[in-house]
Amino acid sequence: MDATSRSFVANARAGLQDADLQTSLARFQGGFQVKRVEAAKRLPEFEALRDEARAIKDHTLAHLDHYLERYEEQVTAAGGTVHWCQTPEDARQVILSLCQEADARTVTKSKSMIAEEMELNPFLEEHGIEPVETDLGEYVVQLAEERPSHIIAPAVHKTKDQVADLFHEKHTPLGRTRRLDRVEELVEEAREVLRPRYLAADVGITGANFLIAETGSSTIVTNEGNGDLTQILPRAPIVIATLEKVVPTLEDATTIMRVLARSATGQEFSTYTTVSTGPRRPDDADGPEAYHVVLLDNGRSRMLGSEFREVLRCIKCGACMNHCPVYGTVGGHAYGWVYPGPVGAVLTPNLIGLEEARHLPNASSFCGRCEEVCPMRIPLPGLMRKLREQEFERRLSPAAVRSGIGVWAWLARRPALYRCLTGLGIRVLGMLGRRRGRFTRLPLAGGWTAARDLPAPEGATFHALWRKGRRA
Amino acid sequence: MPATPRRVGLFVTCLVDLFRPTVGFAAVALLERAGCEVVVPRAQVCCGQPAYNSGDRADTKAIARNVIDAFEPFDATVAPSGSCAGMIKRHYPALFAGDPVWEPRAQRLAARSFELVSFLTDECGVESVDARHEGTVTYHDSCSSLRELGVRAQPRRLLQSVDGLELNELAAPDVCCGFGGTFCVKYPDISGRMVADKAKDIAATGADTVLAGDMGCLLNIAGRLSREGSDVKARHVAEVLAGMADRPAIGAPARGR
Amino acid sequence: MSATGGRDAILGSIRRSLGRGPLDEAARAALDERLAKPQPNLVPARTDIPQDERVELFTSMAEAVFATVDRVSGADAVPGAVADYLAQHNLPPALVMAPDPALDAYPWGERPMLAIRRGRAEEADRVGVTGAVMGFAETGTLMMTSGPDHPSSLNFLPETHIVVLPAERIGGAYEEGWAHLRAEGGADADGGFMPRTVNLVTGPSRTADIEQTITLGAHGPRRLHIVIVEGDES
């Protein structure tokens, strides 16, 4: 997809001025935060499970080649096929040929961020295949011709009234002409509209929360059941997943599942956790006839060897964006690519380039809530800081910032000179601000005074007073 | 109760030095009342965060070496700021990771560096202060104090011992005020919204004063309250604990009204 | 690009990033041992309780996620409990049932008004009845596996899903389910014990995608009704 991360500042401003978005954001973060805390409280082992989950992923990543080889062997043994794809283009071509083999006209899809990464929907449409998103939020976003603004709640930026208008407009041609008012009615209408689409689909594409090396299984976690209808009804399901989704055993996946829903939505467990292994067995009563896994690298194997390896522990729960005050004010679209919020601020520059996305790791106050709630204990602010270091080293940061920091740092290493200059400056500022106690505007401080006054300094520096022997 | 360190190096912090010397004097008073001998090393400027958070690692290290040199001789290094204390305590060792000379030095300093209020309670065993403050206050947790240093209960405990003071909690005391160092000037729209939200939360408590332990947050919050024409005053928590809240509040005119 | 080309390139890139070549025999053997003898990690203590309390915990956890639970005594009570549930919800007395010998053992003939079809779910089916391999008290979760006796479509297509679960099948933690599948599948080391589909189901289908309003019946069943049967030796 065309990234707009370069225009983060403009995107953010648009978000701040969008009243509907602000209403939606104000509602969603509070709910998720409270529910997460309550879920964690109910499970005394929650923190210990986070440690174990992290250790499992670290172990897996350190032996990723072996676990992926074993995973593939087990998929093959169960009658399925793994397609190794280095780039999104490789993956699109594999998916297209699988769709063509199945003579597919429509494809149902269960929400997958990897599909967003490979821009799958426009690609399928170009080839005459209609993709139908089935996750309710993703369906809303598809109807609106937008992109998800959150990784687990794709339409979190929309109000109920906006969804009502959208359904009214898009469903009228289907003979559903009444504008609905209540959430339950909207959910019901989506159910009724999508049900025949499931039944008619030739191919179903799902993501995967885990790939299990022990058994060659893929696991999906949903609340709606859309992922299951997507993968058991069509003849040919396709699972798309990136390399780092593999874990060794069912037990390992289980440990991570225990922190997944609690961190994401505050649920004890998501409604549907489904483990799929190969195509239907000869005497099975139903199920798909084939089983294909498109295993995508797209930069992950490279990140494994970089200082950003830890972000590969991410299980895409969304807790970081549920708790990020920056995400909470600007919304997910401001980030301009597939992954918003703190994890997006680390992933996006790694996947599409720091030149494209240099704003994202900078647009953080480093408040640390993301790291605090990340079930996999990914040090997100630390990783954002590493990106800022790369930016600085590669001279991508604005010249004004670089020279400003340079001058200040030079002075900061020369206490005597620093004292002399700042003492003088503060005396002047102190005198100018004495009467009102604040500045509403100040040269070179436009960034500050745009939103707030600058409190005036007391008028002398502490060090000057201390040297004069003044005591409190 | 742990043995009280004898000699404390006060890391004044650049914002206290420049904008609010009162906080430095309040810190000295509180430390001396807790039985410490306070020294203010002259060779100090800043902990290096502006460079560190801008990705300028080389300058950060140069600044950090100065701080380590200056503060190594003391039993403890104390800053009236969770942000600067967190920088020394949590980030200096990481900054010098793998450096045979400086990593151990950074670790030694980190182990003996503290945020002011938690130093008073946790290291000096201070359980109450002898101070009076008439009015209702609310307390904003700075992100670094809270999440890097685990400071949460300590300032509240000491505030409860202040005569006449009533504490009304914010609905979201742990949410960032939007300061974030250089963040607030690089992304003024976002930072502005965050501090506006904070100001709303403060107003809803009905408090006449907002307290915090970090001058960064306080300049931001005071500046926003002032911009909105709010009567709520902003002060560093040390001013109240030291009984020095008789001076004009942050951003208030120098002499009365 | 050939499939093996992608595979070799990716594995090569992973190994470069890990700063090593393929693992040696000893290292591989250690990892394979981990795969061959899967060990539970930390299991929450909340299910370290006697069996009767596990049934209670299962019930309260399932009810907390909007499932309904009916506890009946003896296999003979099952058809009546199902018929009563349908009547209470004004549902037609017609259902599609998993072709499961354990379900067939219940005396459905005593409720001649119930029209029962056995097989996979079709579009028009409104009520599905299945068994479950296990229940987990940990979160009120059911484990169902695909096979000739349990079409997976029954778990998702009908808007009402009734699950008949003998009380002694209620276990504690999910790990007990994996151990059960390994034992039943008769597999020693490989993944061959896994059925095509294992569904862990915790409550009825739900969504909160519009304004965080929890709404049941997004795509899967609107109602999940669990009949727990005490004293059922099936």
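Keep in mind that this is a model prediction, so the values were computed, not measured.

**Quick notes on the overall build of chain A**
- The helix and strand inventory of chain A stands at 24 helices and 12 strands.
- Counting the 472 residues in chain A, one finds 67% classified as buried.
- For chain A, the share of sequence-separated contacts (at least 6 apart) that also reach a separation of at least 24 residues comes to 73%.
- Accessible area for chain A stands at about 16100 Å²; split by element, carbon and sulfur atoms hold 51% of it.
- Charge-centre separation for chain A: the mean point of 60 positive side chains lies 14 Å from the mean point of 61 negative side chains.

**Focus on the pairing of strand β12 (residues 223-230) of chain C**
All names here are of chain C.
- Most of β12 is tucked away, with 6 of its 8 residues classed as buried.
- Bridge count between strand β1 (residues 68-73) and β12: 6 bridges; the pairing is parallel. Among the inter-strand pairings, Arg71 is bridged to a residue of β12, identified as Ile228.
- In the sheet, strand β7 (residues 160-166) pairs with β12 via 7 bridges, with the strands oriented parallel.

**Let's talk about helix α5 (residues 82-95) of chain B**
Residues and elements named next belong to chain B.
- Taking 1.5 Å as the rise per residue, α5 with 14 residues should run 20 Å; its terminal C-alpha atoms sit 18 Å apart, in good agreement.
- Across the 14 residues that make up α5, a large majority, 12, are buried.
- Regarding α5, the residues found buried are Gly82, Ser83, Cys84, Ala85, Gly86, Met87, Ile88, Lys89, His91, Tyr92, Pro93 and Leu95.

**What to know about the domain arrangement of chain C**
- As assigned here, chain C comprises domain 1 (3-36) and domain 2 (49-230).
- Each of domain 1 of chain C and domain 2 of chain C has a C-alpha centre, and these two points are 41 Å apart.

**Quick word on the interface of chain A and chain C**
- In this complex, chain A contributes 101 residues to the contact, which on the side of chain C involves 80 residues.
- Summed over both sides, the interface between chain A and chain C buries roughly 7800 Å², with carbon and sulfur atoms accounting for 56% of that surface.
- Joining chain A to chain C, the criterion identifies 14 salt bridges.
- Across the salt bridge formed by Glu69 of chain A and Arg15 of chain C, the nearest N and O atoms sit 3.2 Å from each other.
- Remark: the boundary between chain A and chain C carries 51 residue pairs in polar contact (both at pLDDT 80 or more).
- Residues belonging to the side of chain A that touches chain C are distributed by class as follows: 41 nonpolar, 27 polar and 33 charged.
- In this structure, strand β9 (residues 272-276) of chain A lies alongside strand β9 (residues 197-201) of chain C, joined through 5 bridges in antiparallel fashion. Bridged to Val275 of chain A within β9 of chain C is Val198 of chain C.

**Quick word on the packing of aromatic side chains**
- Counted by the stated rule, this structure contains 20 aromatic pairs over all chains.
- Between Phe462 of chain A and Phe25 of chain B the ring centres are 4.7 Å apart and the planes differ by 50 degrees, which places this aromatic pair in the tilted class. With one member in each of two chains, Phe462 of chain A in helix α24 (residues 462-467) and Phe25 of chain B in helix α2 (residues 21-33) form a pair that bridges those chains.
- Among the aromatic residues, ring-to-ring pairing joins Phe8, Phe28, Phe32, Tyr327 and Tyr335 of chain A together with Phe183 and Tyr187 of chain B into one connected group.
- Of note, Arg402 of chain A hangs over the ring of Phe392 of chain A, and the distance from its end group to the ring centre comes to 4.3 Å.

**Some remarks on the sheet that holds strand β5 (residues 210-212) of chain A**
- On the basis of which strands lie adjacent, the open sheet formed by 8 strands has the order β8(A)-β5(A)-β6(A)-β9(A)-β9(C)-β6(C)-β5(C)-β8(C) and mixed pairing. Only two strands of the sheet have a single neighbouring strand rather than two, namely β8 (246-247) of chain A together with β8 (170-171) of chain C.
- Together, β5, β6 (217-222), β8 and β9 of chain A form the strand contacts of helix α12 (residues 250-264) of chain A, whose direction differs from that of β5 of chain A by roughly 165 degrees.
- Across the sheet, helix α6 (residues 174-185) of chain C lies against β9 of chain A together with β5 (134-136), β6 (141-145), β8 and β9 of chain C, angled at about 155 degrees from β5 of chain C, the strand it touches most.

**Thoughts on the environment of Leu167 of chain B**
Residue and element names in this part refer to chain B.
- On the secondary structure map, Leu167 appears in strand β6 (residues 163-167).
- For the pair Leu167 and Pro93, spaced 74 residues apart in sequence, the C-alpha separation works out to 36 Å.
- Excluding residues within four positions of it along the chain, Leu167 makes contact with Val137, Thr138, Tyr139 and Arg156.

**Some points on the interface of chain B and chain A**
- In this assembly, 71 residues from chain B lie in contact with 63 residues from chain A.
- Buried area between chain B and chain A, both sides added, is near 5900 Å², and the carbon and sulfur share of it is 60%.
- Of all residues in chain B, Phe25, Tyr187 and Arg227 of chain B give up the largest surface area on contact with chain A, accounting jointly for 12% of the area buried on that side.
- Between chain B and chain A we count 7 salt bridges in total.
- In this structure, Glu372 of chain A engages Arg147 of chain B in a salt bridge whose closest nitrogen and oxygen atoms are separated by 3.5 Å.
- One can count 29 residue pairs in polar contact (both at pLDDT 80 or more) joining chain B with chain A.

Cut-off values and rules
- Residues numbered from 1 in each chain as written.
- Chains lettered and ligands numbered in written order.
- Predicted model: local features only at pLDDT ≥ 70, side-chain atom pairs only at ≥ 80, totals over all residues.
- Heavy atoms only, no water.
- Helix = DSSP H or I, 4+ residues; strand = E, 2+ residues; numbered from the N terminus.
- Buried < 20%, exposed > 50% of the residue type's maximum accessible area, 1.4 Å probe, protein only.
- Contact = heavy atoms within 4.5 Å.
- Areas by Shrake-Rupley, 256 points an atom, 1.4 Å probe, with all protein chains shown as cover.
- Lys, Arg positive; Asp, Glu negative; His and termini not counted.
- Charge placed at Lys NZ, Arg CZ, Asp CG, Glu CD.
- Pairing = 2+ DSSP bridges.
- Expected span 1.5 Å × (residues − 1).
- Domains from an automatic or database assignment.
- Buried area = accessible area lost by both parts, 1.4 Å probe.
- Salt bridge = Lys/Arg side-chain N within 4 Å of Asp/Glu carboxyl O.
- Polar contact = N/O pair within 3.5 Å; in protein donor to acceptor, adjacent residues only side chain to side chain.
- Nonpolar A, V, L, I, M, F, W, Y, C, P; charged D, E, K, R; others polar.
- Phe/Tyr/Trp six-rings, centres within 6.5 Å; stacked < 30°, edge-to-face > 60°.
- Lys NZ or Arg CZ within 6 Å of the ring centre and 35° of its normal.
- Axes fitted to C-alpha atoms, helices over the stretch in contact; angles between N-to-C directions.

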